[in-house]
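Structural description and commentary
Here's the letter readout for the chains.
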Amino acid sequence: ATIVKGTLAAWDQPSFEALHHPHPSLVFTTFLRGLQAMRAEFSGEYWMEVFLVAGVNDAPGQVARIAALAKAIRPDRIHLNTAVRPPQAADLRAVSVAQLATLANAFTPVAELSISSPHPPAAGGRPPREEGQLEGILLGLIQRHPCTAADIAISLGVDPCVVARLLAGMEGCGTVRAESRQGSLYYAAV
């Protein structure tokens, strides 16, 4: 690998449990030592994602604690992210872009906002040729997390009209459902 990306969103065991809901045997200090060890051994680019949730880990003091831990790990880049898709728990809220932009300055290096495109382009940028194959891949994507039609088109590198047609058919067959969340229409597997 030439690039490795770790995630850091907590600063102690209670915040780790509140944010990640880990298996009871997982300990934050062990997790943190793993991030540090990876950085010490890895000679490529080491990126770090910091995921913030409104009211959970976005207060300036909390972010300062996360930033201090991140700085000690010495990542090459830090990506600041929030819940751009509907989170698993409906009561979790995204941090505003304006607040993220302010909080980005707490990090060394200064964090980059990575919320505008929640999905990377499809590998190779070429969609599958057959719609049957594409339908299976689309279903696999939304089984992992709800997505908008635009997110799906970007992720799979497919024309948005093709995605809309597939979603309409899948919704008609009962394999997907549409739900309005956070002011956008998201598709989820049934």
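Anything mentioned here points back to the structure above.
What comes next concerns the included structure. (Residues numbered from 1 in each chain as written. Predicted model: local features only at pLDDT ≥ 70, side-chain atom pairs only at ≥ 80, totals over all residues. Heavy atoms only, no water.)

1. Describing the sheet that holds strand β1 (residues 3-7)
Put simply, the rule is: Strand pairing is assigned whenever DSSP detects at least two bridges linking the two strands. Where helices and strands are cited, they refer to DSSP runs of H or I of at least four residues and of E of at least two residues respectively, numbered from the N terminus.
Strands sit in the order β1-β2-β3-β4 across an open sheet of four strands; the sheet is parallel. Edge positions in the sheet fall to β1 and β4 (112-113), since each has one partner strand and no second. Judged from the two bridges that link them, strand β3 (residues 77-82) and β4 form a sheet pairing that is parallel. Paired with histidine 79 across the bridge in β4 is glutamate 112.

2. Remarks on unusual backbone geometry
Leaving glycine out, the prevailing phi sign among residues is negative, and the prevailing peptide bond configuration is trans. In this structure, proline 109 follows threonine 108 across a cis peptide bond, with omega equal to -5 degrees. Take proline 109: it is sitting in the loop between α4 (97-103) and β4. Of note in the backbone geometry, histidine 21 takes a positive phi value of approximately 50 degrees without being a glycine. Within the element layout of this structure, histidine 21 appears in the loop between α1 (13-20) and α2 (28-41). Despite not being glycine, arginine 74 has its phi angle at roughly 65 degrees, a positive value. Its place among the elements puts arginine 74 in the loop between α3 (60-73) and β3.

3. What to know about the nonpolar core
Defined as follows: Nine residue types can take part in a nonpolar core, namely buried Ala, Val, Leu, Ile, Met, Phe, Trp, Tyr and Cys, and a core is a set of them joined through side-chain atoms within 4.5 Å. Buried means the residue's accessible area, taken with a 1.4 Å probe over protein chains only, is under 20% of the maximum for its type, while exposed means over 50%, and partly exposed covers the values in between. Should any heavy atoms of two residues lie within 4.5 Å, those residues are counted as being in contact.
One finds Leu8, Met48, Val50, Leu52, Leu80 and Phe107 to be the most contacted residues of the largest nonpolar core, which totals 30 residues. Residue assignment for this core shows that the elements contributing at least two residues are α1, α2, β2 (45-52), α3, β3 and α4. When residues in this core are grouped by element, the largest group, five residues, is from α3. In contact with phenylalanine 107, other than residues within four places in its own chain, are Val50, Val63, Ile66, Ala67, Ala70, Ile78 and Leu80. Counting residues in each nonpolar core, the second largest holds 17 residues, with Ala153, Leu167, Met170 and Ala189 among its members.

4. Points about the pattern of salt bridges
Our working rule: What counts as a salt bridge is simple: a side-chain nitrogen of Lys or Arg found within 4 Å of a carboxyl oxygen of Asp or Glu.
The final tally for this structure, using the stated rule, is four salt bridges. Among the ionic pairs, glutamate 112 bridges to arginine 77, the shortest N-O distance being 2.8 Å. Here the residue glutamate 112 occupies a position in strand β4, and arginine 77 occupies one in strand β3, the gap between them amounting to 35 residues. A relative accessible area of 30% places glutamate 112 in the partly exposed class. The salt bridge involving arginine 181 is made with glutamate 179; its shortest N-O contact spans 3.1 Å. Connected through shared salt-bridge partners, Arg177, Glu179 and Arg181 make up one network.

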